[in-house]
Amino acid sequence: MDKGILIQYSDMKEEIKDLRRRIRKLEGEIDSLGVVSDTVKGSRNDLTIGPIKVNGYDDQRYWRLKNILESRRERLLEAEEKLQGMVVEVEKYIDSIESSELRIMFRLYYVDNLTWYQVAMRMNDMFPKRRVKYTEDSCKQRHKRFLDKIG
């Protein structure tokens, strides 16, 4: 198992975020479809001939957008299922790291999806008696050094 799984996992999470953003945008576009009006010549109920105003929705556009939305939702479900499978691989990879401290950092960053600042704060909470406090930069640097060393 190599560090590529961590990169792939991070990329997949970003792809899912992007799909969710696109779905929300498309849902908003569908919700904002307005009424389309047209005037046609014809007879009314009282049998007089003249212009008649017809209101409705743009069916073609609505169904086209609805099909795109459904396709994106299916892709999102597939990506989420794939991500769930990757979580197991990522956790196995993290468990294979010898240093307990690094395992905790990696879990907080990759699995719990915390920022490096949040990782540092959580590490300080876990190890309050540590002489040198964790910082965002120190956690990032330890992560980078580990990946460079194995890579």
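Everything numeric here is computed off the predicted structure, so don't read it as measured data. (Residues numbered from 1 in each chain as written. Predicted model: local features only at pLDDT ≥ 70, side-chain atom pairs only at ≥ 80, totals over all residues. Heavy atoms only, no water.)

Novice: It is not clear to me how the overall build of the protein should be interpreted in this structure. Could you clarify?
Specialist: The number of helices and strands found in the protein is 5 helices and 2 strands. Starting at the N terminus and ending at the C terminus, the protein contains elements arranged as α-β-β-α-α-α-α. Taken over the C-alpha trace, the protein has a radius of gyration of 27 Å; the compact-globule value for 151 residues is 15 Å, which it surpasses by more than 25%. Burial statistics for the protein: of 151 residues in total, 27% are counted as buried. Put simply, the protein shows about 10800 Å² of open surface, and 49% of that area lies on carbon and sulfur atoms. The distance from the centre of the 31 positive side-chain charges to the centre of the 27 negative ones in the protein is 6 Å. (Helix = DSSP H or I, 4+ residues; strand = E, 2+ residues; numbered from the N terminus. Rg over C-alpha atoms; globule rule 2.2 N^0.38 Å. Buried < 20%, exposed > 50% of the residue type's maximum accessible area, 1.4 Å probe, protein only. Areas by Shrake-Rupley, 256 points an atom, 1.4 Å probe, with all protein chains shown as cover. Lys, Arg positive; Asp, Glu negative; His and termini not counted. Charge placed at Lys NZ, Arg CZ, Asp CG, Glu CD.)

Novice: Looking at this structure, how should I read the nonpolar core?
Specialist: Soluble, globular proteins show a tendency: their nonpolar side chains are buried together. L6, M105, F106, Y110 and V119 are the most contacted members of the largest nonpolar core, which has 36 residues in total. Residue assignment for this core shows that the elements contributing at least two residues are α1 (4-31), α2 (59-95), α3 (100-111), α4 (116-126) and α5 (136-150). Per-element accounting of this core gives the leading share, 10 residues, to α2. Among all residues touching L6, those that are not within four sequence positions of it are V90, Y93, F106, Y110 and L147. (Core = buried A, V, L, I, M, F, W, Y, C linked by side-chain atoms within 4.5 Å. Contact = heavy atoms within 4.5 Å.)

Novice: What is the right way to read the pattern of salt bridges from this model?
Specialist: Close approach of charged atoms lets side chains of opposite charge pair. Taken as a whole and assessed by the stated rule, the structure comprises 11 salt bridges. Note that R73 and E27 form a salt bridge whose closest N and O atoms lie 2.4 Å from each other. Of this pair, R73 sits in helix α2 while E27 is found in helix α1, placing the two residues 46 residues apart along the sequence. The partner of E29 in a salt bridge is R61, and the shortest N-O contact between them spans 2.9 Å. With E29 in helix α1 and R61 in helix α2, this residue pair connects regions lying 32 residues apart in the sequence. Classification of E29 by relative accessible area gives partly exposed; the value is 28%. The structure contains a network of salt bridges with shared partners spanning D18, R21 and R22. (Salt bridge = Lys/Arg side-chain N within 4 Å of Asp/Glu carboxyl O.)

Novice: In this structure, what is going on with the packing of α3 against α5? I would like to understand it.
Specialist: When two helices pack together, their arrangement is given by the angle between the helix axes and the distance between those axes. At a closest axis distance of 11 Å, the pairing of α3 and α5 adopts a crossing angle of 105 degrees. Taken together, α3 and α5 sit at an angle that is classed as roughly perpendicular. When α3 is examined against α5, the residues E101, L102, M105, F106 and Y110 are found in contact with a partner set consisting of C139, R142, H143, F146 and L147. Considering only residue class, the contact of α3 with α5 consists of 7 nonpolar, 1 polar and 2 charged. (Axes fitted to C-alpha atoms, helices over the stretch in contact; angles between N-to-C directions. Parallel < 35°, antiparallel > 145°, perpendicular 65-115°, else oblique. Nonpolar A, V, L, I, M, F, W, Y, C, P; charged D, E, K, R; others polar.)

Novice: Explanation requested: the confidence of the model for the protein in the structure shown.
Specialist: Detailed reading of the predicted coordinates is not advisable wherever pLDDT falls low. Within the protein, residue pLDDT values average 89, and 97% of them lie at 70 or more. Strand β1 (residues 36-43) is the least confidently modelled element of the protein, averaging 75 in pLDDT, while α4 averages 96, the highest of any element. (pLDDT = per-residue confidence, 0-100.)

Novice: How should α2 be read in this particular structure?
Specialist: Residues spaced three or four apart along an α-helix face the same direction, because each turn holds 3.6 residues. Between its first and last C-alpha atoms α2 spans 54 Å; for 37 residues at 1.5 Å apiece the expected length is 54 Å, and the two agree. Listed as buried for α2 are L65, L69, L76, A79, L83, M86, V87, V90, Y93 and I94. Looking at the buried positions of α2, the neighbouring elements they touch are α1, α3 and α5. (Expected span 1.5 Å × (residues − 1).)

Novice: Honestly, the packing of α2 against α3 in this entry has me stumped. Any pointers?
Specialist: Where α2 contacts α3, the two axes come as close as 9 Å, and the packing angle between them is 160 degrees. The orientation of α2 with respect to α3, classified from their angle, is roughly antiparallel. Remark: the crossing between α2 and α3 carries right-handed chirality. On the side of α2, the interface is formed by V90, E91, I94 and D95, while α3 contributes R103, F106, R107, Y110 and V111. Along the lines of polarity and charge, the residues of the contact of α2 with α3 split into 5 nonpolar, no polar and 4 charged. (Left-handed = near helix turned anticlockwise from the far one by under 90°.)

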